[in-house]
Amino acid sequence: MNTPAGEKRINDRVARRAIRHDQVEGVTGLSREEFGLENLDLWRAYALDHRRQSWEEGADEDEGFYHGNQFTTDEIELLNARGQVTAAMNRVRPLLRQFVAELTANLPAFTVLGATSEDHRKSWIFQEYLAWAMYQCFFQRHAERVIKDMARVGVGSMIVDFDPRADDLRGDIVFRRGHRKEVFYDPDSQEWDFSDSENIVVSRVVSLRTAIGRWPKHREGLIRTSESWLQNAVDERNKNQYSQIEEQELITVGQEWTLGRNIYEQVSHIRLIERYTKVQVEVSTVVHQDGRQVEFLDPQKLERYLASQNRRKLEVVKITLPRIARITSAVDYYLDGEILPISDYPIVPFTGDDADNPFPIGEVRHLKDVQRLVNKWLAVLLYSAQVTSNLKILAEEGAIDKDEVDKFQTNYAVPGSISIVKQGAITGGRLKELAGQPINTAAYTILSMLLQHMEYEIGMFSMSAGNPEAAPRTAQATRDLKEFGGEKVALILRGVDQSYTRVGRVALEWMQAALKSEKVLRVGGDTDVAVDRQRMLQEEGVADATGMFAINQQPQQGDLQLDENRFLEITEDSKAVIRYINDVSVGKYDLRVVPASYRAVNRQAKLQEMMELQQRGIVDGRAVLDQVEIKDKERILKRMDVQQQLAAQLEGAVETVNNLETQLQRLQSKVTSEKIKTEVAKTTAELRVMLREFRSGLEQETRTVQGRSGGTRGPSTRTTPTAVASAT
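Residues numbered from 1 in each chain as written. Predicted model: local features only at pLDDT ≥ 70, side-chain atom pairs only at ≥ 80, totals over all residues. Heavy atoms only, no water.

Novice: Just checking my understanding: could you explain the sheet that holds strand S3 (residues 172-178) for this structure?
Specialist: Across a sheet, paired strands are connected by hydrogen bonds in the backbone, their directions being either parallel or antiparallel. One open sheet holds the three strands; their spatial order is S3-S2-S12, and the pairing between them is antiparallel. Each having just a single partner strand, S3 and strand S12 (347-351) make up the two edges of the open sheet. Direction aside, the axes of adjacent strands within the sheet are offset by 25° on average. Pairing of strand S2 (residues 155-163) with S12, which is carried by five bridges, proceeds in the antiparallel orientation. Paired with methionine 158 across the strands is valine 348, a residue of S12. (Pairing = 2+ DSSP bridges. Helix = DSSP H or I, 4+ residues; strand = E, 2+ residues; numbered from the N terminus. Axes fitted to C-alpha atoms, helices over the stretch in contact; angles between N-to-C directions.)

In structure tokens:
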């Protein structure tokens, strides 16, 4: 039981996301009593519609057929009389299970785009929160049941709601599957997603204790309504005036008819009816100077907000927007009414075929005729094998006593193994043995053809289910066959993509309107994109070393507001840390699902493709390892990073050594050149010394000669030192 303070927090959070019953009355013009009566009348009108009744009858038969009820009572009696087996080769169930497994192998991935650069910077928050919310509520299990409903009966429903009591009263978006017997769409709807429905009704029977626990203020009214509801059903049953839907009510709640006392042994239950309808409401939007917008449906809350702000910096714009009203009643007793802050129905249908109405048929309906033929053909084959493998005897009348014939056929052979003929019809004795004829191989060919046709009808082949006999010889041929076969379900996948997009957009509206408290999340996933995003957020200071980040984080007293999305916090150890507010209520965003992101991935084929890309140098080993499911992947990735770093260092060292060797060769060549120059200079100097000595000796010799011939005159040839040197 919640404390009064806790109840107040719940009511405050609910009030922020919805208008209570008094505003709903103002929008619709109905009183509380009229709301309850209209809910009951609308549910009965939808439930008793002849199209809905016909669809329910076929859906019940299809579900039973899926679970193996594939023979009628007359067929079972006939087969037993013939001595044939009544076992069914149920190929419908494994094919549909394979179909569901293919479409729910992974969580759907979404892409969120912001209208402005600031919105685009925060768009990753919505993607991470959607993944976190889906993980918290086991979305994959709900999706399996929704897709299974779509395959079996034609339509499955996913309900997107906001639970203000979740996460310690912080509130969370929740996803759940709506049972086909609980969700009632407008029978006149014609759109593929039933978005043109005037109303959508969700009705289910719950225990009275559950209803009182949710609405404790209506305890007496719920008890009184439950008693009158059950008594009215009993009176109408006694008068044989009860309707089909009221009979189903009594069966649903588990009440047992007692003939002796002519009363119902009742269990305290009550029927809850939730009606969703589209309304037009006037919304007051407060626009701040920084572009931030805050919507108000309640005029009193608007006035209080304006009083707490600086009116000169605010602009109030009043517009009319579509919203969804939800009115809840217990039978005809009004419980609650609210206007949800979303513009589209929170009940999203998943359909395989577009029937121009909310009553499409599932894949089982298309497989039933072929499955019945397979069962009958199998029964004939087994009977033929049983008959032909036993002894056949022709006997003349009186050759065997009748009691012996019955005993022989019961204990030894099968009925019809002894045939009585007239006397004299058999030559060479009164008994004759007949050999059995083998079954024609065409019978097995036809059976195989029927099984293949069922696979072709739904687009799921035995090869995909692990049948080695149906697999191609090469991996490339296997990938090609799977890709070409997948084209058959492309039409269904497009419808599933659009339905998931609606689910994401409704969740996005809930996030912006209802998430007001601070929440701490973690960047999830081990893909390259998630790892890179986590590293980027850590560098920017948005997330810590573990990938944790906060949304709607508000600054406390003493913190310094830097801008509309950041503030400076002084920690206990006197460190300044920049925090991001990440206000999800601000901004405008668009969302779409990543096509077929929820489908199964052939990891072996993907691994082979990545290995080929690695050989071509397009990707590295990390991208290849991401395709392998092994233990301690993170440790291996870190080791690969270390090895890559060491390899890069080794490559750098080798390059440095090569550069040094080149420089050494260049220096050695330079040293050799310098040595040659030194030798040449030395030789030149020696030659110059020798030349000077030669010149000196020659001049001295010349002077001696001139001295000897100093007195002689006349023509003579005078040899100067320069001439001698030149001659030399």
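On we go.
Novice: Teacher, can you tell me more about unusual backbone geometry here?
Specialist: Comment: phi is negative for the bulk of residues other than glycine, and the bulk of peptide bonds are trans. In this structure, phenylalanine 194 takes a positive phi of about 60° despite not being glycine. With respect to the helices and strands, phenylalanine 194 occurs in the loop between strand S4 (183-185) and strand S5 (199-207). Of note, valine 331 is a non-glycine position whose phi angle comes to about 55°, a positive value. Residue class for valine 331 comes out buried when judged on its relative accessible area of 8%. (Buried < 20%, exposed > 50% of the residue type's maximum accessible area, 1.4 Å probe, protein only.)

Novice: I'm lost on the side chain of aspartate 497 in this one. Help?
Specialist: As for its position among the elements, aspartate 497 is in helix H18 (residues 490-514). The side chain of aspartate 497 is buried and forms no salt bridge, while arginine 494, the nearest opposite charge, is found at 7.7 Å. In this structure the side chain of aspartate 497 is engaged in a polar contact, spanning 2.6 Å, whose partner is the side chain of tyrosine 598. Apart from residues no more than four positions distant in its own chain, aspartate 497 is found in contact with Val593, Pro595, Ala596 and Tyr598. (Lys, Arg positive; Asp, Glu negative; His and termini not counted. Salt bridge = Lys/Arg side-chain N within 4 Å of Asp/Glu carboxyl O. Polar contact = N/O pair within 3.5 Å; in protein donor to acceptor, adjacent residues only side chain to side chain. Contact = heavy atoms within 4.5 Å.)

Novice: What's the story with the nonpolar core in this structure? I'm lost.
Specialist: Across soluble globular proteins, nonpolar side chains have a tendency to be buried as a group. Counting 80 residues, the largest nonpolar core has Phe99, Leu103, Ile173, Phe175, Phe350 and Trp510 as the members making the most contacts within it. Ranked by the residues each element gives to this core, the list is headed by H18, at eleven residues. The next biggest cluster of nonpolar side chains, apart from the first, holds 20 residues, and it includes Trp43, Leu222, Ile273 and Ala330. (Core = buried A, V, L, I, M, F, W, Y, C linked by side-chain atoms within 4.5 Å.)

Novice: In this structure, what is going on with the side chain of asparagine 39? I would like to understand it.
Specialist: Mapped onto the elements of the fold, asparagine 39 is located in helix H3 (residues 32-47). A polar contact is formed between the side chain of asparagine 39 and the backbone oxygen of isoleucine 273, at a distance of 3.4 Å. In this view, asparagine 39 contacts Ile273, Arg275, Ile327, Thr328 and Ser329; residues no more than four positions away in its chain are not counted.

Novice: I tried to follow the pairing of strand S8 (residues 269-287) on my own but got confused; where do I start?
Specialist: Burial analysis of S8 places 16 of its 19 residues in the buried class, which makes it a mostly covered element. Direction of pairing for S5 relative to S8: antiparallel, over a ladder of nine bridges. Along S8, the bridge assignment pairs valine 201 with arginine 275. Note: S8 against strand S10 (residues 315-330), 16 bridges, orientation antiparallel. Across the sheet, residue arginine 275 finds its bridge partner in S10, namely isoleucine 327. Across four bridges, the pairing between S8 and strand S9 (residues 293-296) is antiparallel. Within S9, the position partnered with threonine 285 by the bridge is glutamate 295.

Novice: Help me out: how do you make sense of the packing of helix H6 (residues 92-103) against helix H8 (residues 139-153) in this one?
Specialist: Axis angle and axis distance: for two packed helices, these are the angle between their axes and the distance between the axes, and together they describe the pair. Across the interface, H6 lies against H8 with an axial gap of 9 Å and an inter-helix angle of 135°. The angle between H6 and H8 falls in the class oblique. The chirality of how H6 crosses H8 is right-handed. On H8, the residues that touch Leu96, Phe99, Val100 and Leu103 of H6 are Glu144, Ile147, Lys148, Met150, Ala151 and Arg152. When the residues that make up the contact of H6 with H8 are grouped by side-chain class, the tally is seven nonpolar, no polar and three charged. (Parallel < 35°, antiparallel > 145°, perpendicular 65-115°, else oblique. Left-handed = near helix turned anticlockwise from the far one by under 90°. Nonpolar A, V, L, I, M, F, W, Y, C, P; charged D, E, K, R; others polar.)

Novice: Is there a simple way to explain the pairing of strand S11 (residues 333-340) in this structure?
Specialist: Within a regular beta strand, the side chains point alternately toward one face of the sheet and then the other, so they alternate between its two faces. Most of S11 is tucked away: seven of the eight residues are buried. In terms of strand pairing, S10 meets S11 through seven bridges, oriented antiparallel. Looking at S11, one finds that threonine 328 is bridged to aspartate 336.

Novice: Honestly, H6 in this entry has me stumped. Any pointers?
Specialist: Think of an α-helix as 3.6 residues a turn; residues three or four steps apart then line up on the same face. If you check H6, its first and last C-alpha atoms are 17 Å apart, about what twelve residues at 1.5 Å a residue would give, namely 16 Å. For H6, the set of buried residues is Val92, Leu95, Leu96, Gln98, Phe99, Val100, Glu102 and Leu103. (Expected span 1.5 Å × (residues − 1).)

Novice: Hey, could you run me through the packing of aromatic side chains in this one?
Specialist: Between two aromatic rings, the relevant description is the distance of the centres plus the angle of the planes. The final tally for this structure, using the stated rule, is ten aromatic pairs. A centroid spacing of 5.6 Å and a plane angle of 20° characterise the contact between phenylalanine 35 and tyrosine 334, whose relative ring orientation is stacked. Highlighted residues: phenylalanine 35 in helix H3 and tyrosine 334 in strand S11, separated in sequence by 299 residues. Grouping residues by exposure puts phenylalanine 35 and tyrosine 334 together as buried. With a centroid separation of 6.1 Å and 45° between ring planes, the pair formed by tryptophan 55 and phenylalanine 359 is classed as tilted. In this pair, tryptophan 55 is assigned in helix H4 (residues 50-66) and phenylalanine 359 in the loop between S12 and helix H14 (363-388), connecting sequence segments 304 residues apart. With relative accessibility at 11%, the residue phenylalanine 359 sits in the buried group. For the cation-ring pair, arginine 152 lies above tyrosine 66, with the distance from its terminal atom to the ring centre recorded as 5.2 Å. Stacked on the ring of phenylalanine 65, the Lys or Arg lysine 368 has its end atom at 5.7 Å from the ring centre. (Phe/Tyr/Trp six-rings, centres within 6.5 Å; stacked < 30°, edge-to-face > 60°. Lys NZ or Arg CZ within 6 Å of the ring centre and 35° of its normal.)

Novice: Help me understand the pattern of salt bridges, please; the structure alone is not making it clear to me.
Specialist: Side chains carrying opposite charge are able to pair once their charged atoms draw close together. Inspection of every chain in the model, using the stated rule, returns 29 salt bridges. Aspartate 188 is paired through a salt bridge with arginine 51; the nearest N and O atoms lie 3.1 Å apart. Of this pair, aspartate 188 sits in the loop between S4 and S5 while arginine 51 sits in helix H4; the two residues are 137 residues apart in sequence, bridging distant segments of the chain. Owing to a relative accessible area of 33%, arginine 51 belongs among the partly exposed residues under this scheme. A salt bridge links aspartate 193 to arginine 502; its shortest N-O distance comes to 3.4 Å. Placement of aspartate 193 in the loop between S4 and S5 and of arginine 502 in helix H18 is noted, with a sequence separation of 309 residues between them. When its relative accessible area of 9% is taken as the criterion, aspartate 193 is described as buried. For arginine 502, a relative accessible area of 9% gives the class buried. What you see here is one network of salt bridges that share partners, running through Arg52, Glu56, Asp60, Glu63, Asp149, Arg152, Arg177, Arg180 and Lys181.

Novice: What is the right way to look at the confidence of the model for the chain in this model?
Specialist: Any residue range with low pLDDT should be treated as having predicted coordinates unsuitable for detailed reading. Per-residue confidence for the chain averages 75 on the pLDDT scale, and 69% of its residues sit at or above 70. The model gives residues 1-21 a pLDDT under 50, and that stretch makes 41 contacts with residues more than four places away or in other chains. Considering only residues more than four positions removed or in separate chains, one finds that residues 711-728, a stretch of pLDDT under 50, has ten contacts. (pLDDT = per-residue confidence, 0-100.)

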